[in-house]
Amino acid sequence: MKDSQLKLEPGDISALFDRARLRMARELRGLTQVQLAREVGSVTAGSISQFENGHTKPAASTLRRLAVALRVPPSFFAAPARPPAHEQVNGFFRSLRSTSPRDRQQALAYVHLARELALELEKYVVLPPLNLSRVPIDNENSLQLVDIEQAAAQVRHHWNVPRGPVQDVVRLLEGNGIVVVRFRVGIEKVDAFCVDFPDRPVVALGADKGLRDRSRFDVAHELGHLVLHGVAGAVGDKVTENQAHEFAAAFLMPADDIRSELPDRLDWPTFLRLKAKWHVSIAALLVRAKTLGVMDEHTYAQGWKALSVRGWRKVEPGPLGNPEGPVLLGRAVELMETTGLSFTDFVSRSGLPEADVRVLLGRDISERPRVEI
Ligand SMILES: [Zn+2]
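Note that the structure is a prediction, hence the values are computed from the model and not measured.

Caption draft 1: Layout of unusual backbone geometry. Unusually for a residue other than glycine, Arg-71 sits at a positive phi of about 55°. Relative accessible area serves as the criterion here: at 58%, Arg-71 is assigned to the exposed category. For His-279, which is not glycine, the phi dihedral falls at a positive 55°. Of note, His-279 is situated in the loop between helix H13 (268-278) and helix H14 (282-291).

If you want it as structure tokens, here you go:
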């Protein structure tokens, strides 16, 4: 079938109008309804609110103007042929207080877009099926630390992770069907977070800080939310944050594998060697030594003070190189291209905004096709 035959006519788009898509596009651009109305010119904020509430549908001409203002193809506003899941999920944010509502909505919209991209790609290539064991934590009956250790061990076992350090945490999640994206755009105050879509959970990593150890811990932390806190979605309170942290530590540094290696004194050269072996920060190792009872409270407190005094809480010695990077979506696109469907045709069929898809894939907008010899 020719791609021109797949194109939706303006009238079709208007009939298939999906209010969630309008909101998503608006939030993607970080605009309020008032700001969008101003950009479009011929509609009021009230009408936009009505479109988003589903009270009225925009006419084809209005849709065209909305599309231009929001830099999405008009077909983006047509409902995708699948069950909607927009309203039933929450993100977990590491630090709600430092995130403005606008940044939070924009970050969430990007994650929704990443899921849409994955679902669109699945029409052409087979992605790894979602394989995630859930160990829901019951915060009413405040479970003990040991249960989180067990939950982490259970996930490692379920994924056949060999004993010792996890080689590549991002790759591990992707191989088990979880989508991971890294923001390259400046949504600054948003650190890592995840959204537990029932079909494809998405883990979003904050803008690259260049620290492999911290980034791995972030990914394991978000995995902890998915495993322990699941679809129900409590948002970033102190209890769940601590639990996700404990999960990350246990997942990256299983007690039985690391206990005998941890020093009971502030032996920095040993911590540095362990950092290089386990690909976790010195700070994380120090906390682990205390949690597992290898190091006493007093020594730990001194160690933590030393980290601050030396400035190691900001920049630690022994950098580990580039952070792990997601590859799943990029490889899916490459594979799809080998089937004869070009990236451009895919994007136009999907109705997704090309520039944003490129951002999600880490494909430079100025990228030219490469001549293979
Ligand atoms: Zn968290």
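Caption draft 2: Representation of the coordination of the zinc ion within the structure. Looking at the zinc ion, the protein donor atoms are His-221 (NE2), His-225 (NE2), Glu-241 (OE) and Glu-241 (OE), and they sit 2.1 to 2.7 Å from it. Coordination at the zinc ion is irregular: its 4 donor atoms span angles of 52 to 133° at the metal.

Caption draft 3: Representation of the packing of aromatic side chains within the structure. Using the criterion set out here, one finds 8 aromatic pairs in the structure. Centroid distance Phe-76 to Phe-77: 6.2 Å. Interplanar angle 65°. Geometry classified as edge-to-face. Assigned by exposure class, Phe-76 and Phe-77 land together as buried. Cation over ring: Lys-290 sits above Tyr-300, and NZ or CZ is 4.5 Å from the ring centre. We note Arg-310 situated over the ring of Trp-312; from NZ or CZ to the ring centre the distance is 5.0 Å.

Caption draft 4: Spotlight on the packing of helix H10 (residues 212-228) against helix H11 (residues 238-252). As a packed pair, H10 and H11 sit with axes 7 Å apart at the nearest point and diverge in direction by 115°. Between H10 and H11 lies a crossing of right-handed hand. Where H10 approaches H11, its residues Arg-216, Phe-217, Ala-220, His-221, Leu-223, Gly-224, His-225, Val-227 and Leu-228 are matched on the opposing element by Thr-240, Glu-241, Gln-243, Ala-244, His-245, Phe-247, Ala-248, Ala-249, Phe-251 and Leu-252. Looking at the contact of H10 with H11 residue by residue, the class counts come to 11 nonpolar, 6 polar and 2 charged.

Caption draft 5: Up close: the pattern of salt bridges. According to the stated counting rule, one finds 20 salt bridges in the structure shown. The residue Arg-115 makes a salt bridge to Asp-199 at a minimum N-O spacing of 2.9 Å. Within this pair, whereas Arg-115 is found in helix H7 (residues 101-121), its partner Asp-199 is found in the loop between strand S3 (193-195) and strand S4 (202-205), the two being separated by 84 residues in sequence. The exposure class assigned to Asp-199 is partly exposed, which follows from its relative accessible area of 31%. Between Asp-168 and Arg-171 there is a salt bridge, with its nearest N and O atoms 3.9 Å apart. You can call Asp-168 buried: its relative accessible area is 19%. Residues joined by salt bridges that share partners form a network here, namely Arg-21, Arg-115, Glu-116 and Asp-199.

Caption draft 6: Seen up close, H14. For H14, the buried fraction is high: 7 of the 10 residues fall into the buried class. With its phi angle positive at about 75°, Gly-293 sits one or two positions after the end of H14.

Caption draft 7: Looking closely at the pairing of S4. Burial along S4 is two-sided: the residues Val-202 and Ala-204 and Val-203 and Leu-205 are all buried. Bridge count between strand S2 (residues 179-182) and S4: 4 bridges; the pairing is parallel. Paired with Val-180 across the bridge in S4 is Val-203. Relative to S4, S3 runs antiparallel, the two sharing 3 bridges. Looking at the pairing, Val-195 lines up with Val-202 of S4.

Rules and cut-offs
- Residues numbered from 1 in each chain as written.
- Predicted model: local features only at pLDDT ≥ 70, side-chain atom pairs only at ≥ 80, totals over all residues.
- Heavy atoms only, no water.
- Buried < 20%, exposed > 50% of the residue type's maximum accessible area, 1.4 Å probe, protein only.
- Helix = DSSP H or I, 4+ residues; strand = E, 2+ residues; numbered from the N terminus.
- Donors = N, O, S within 2.8 Å, 3.2 Å for Na, K, Ca; no water.
- Tetrahedral: all angles 85-135°; square planar, octahedral: opposite > 155°, others 65-115°.
- Phe/Tyr/Trp six-rings, centres within 6.5 Å; stacked < 30°, edge-to-face > 60°.
- Lys NZ or Arg CZ within 6 Å of the ring centre and 35° of its normal.
- Axes fitted to C-alpha atoms, helices over the stretch in contact; angles between N-to-C directions.
- Left-handed = near helix turned anticlockwise from the far one by under 90°.
- Contact = heavy atoms within 4.5 Å.
- Nonpolar A, V, L, I, M, F, W, Y, C, P; charged D, E, K, R; others polar.
- Salt bridge = Lys/Arg side-chain N within 4 Å of Asp/Glu carboxyl O.
- Pairing = 2+ DSSP bridges.

Note that all results are geometric; they support no functional claim without further evidence.
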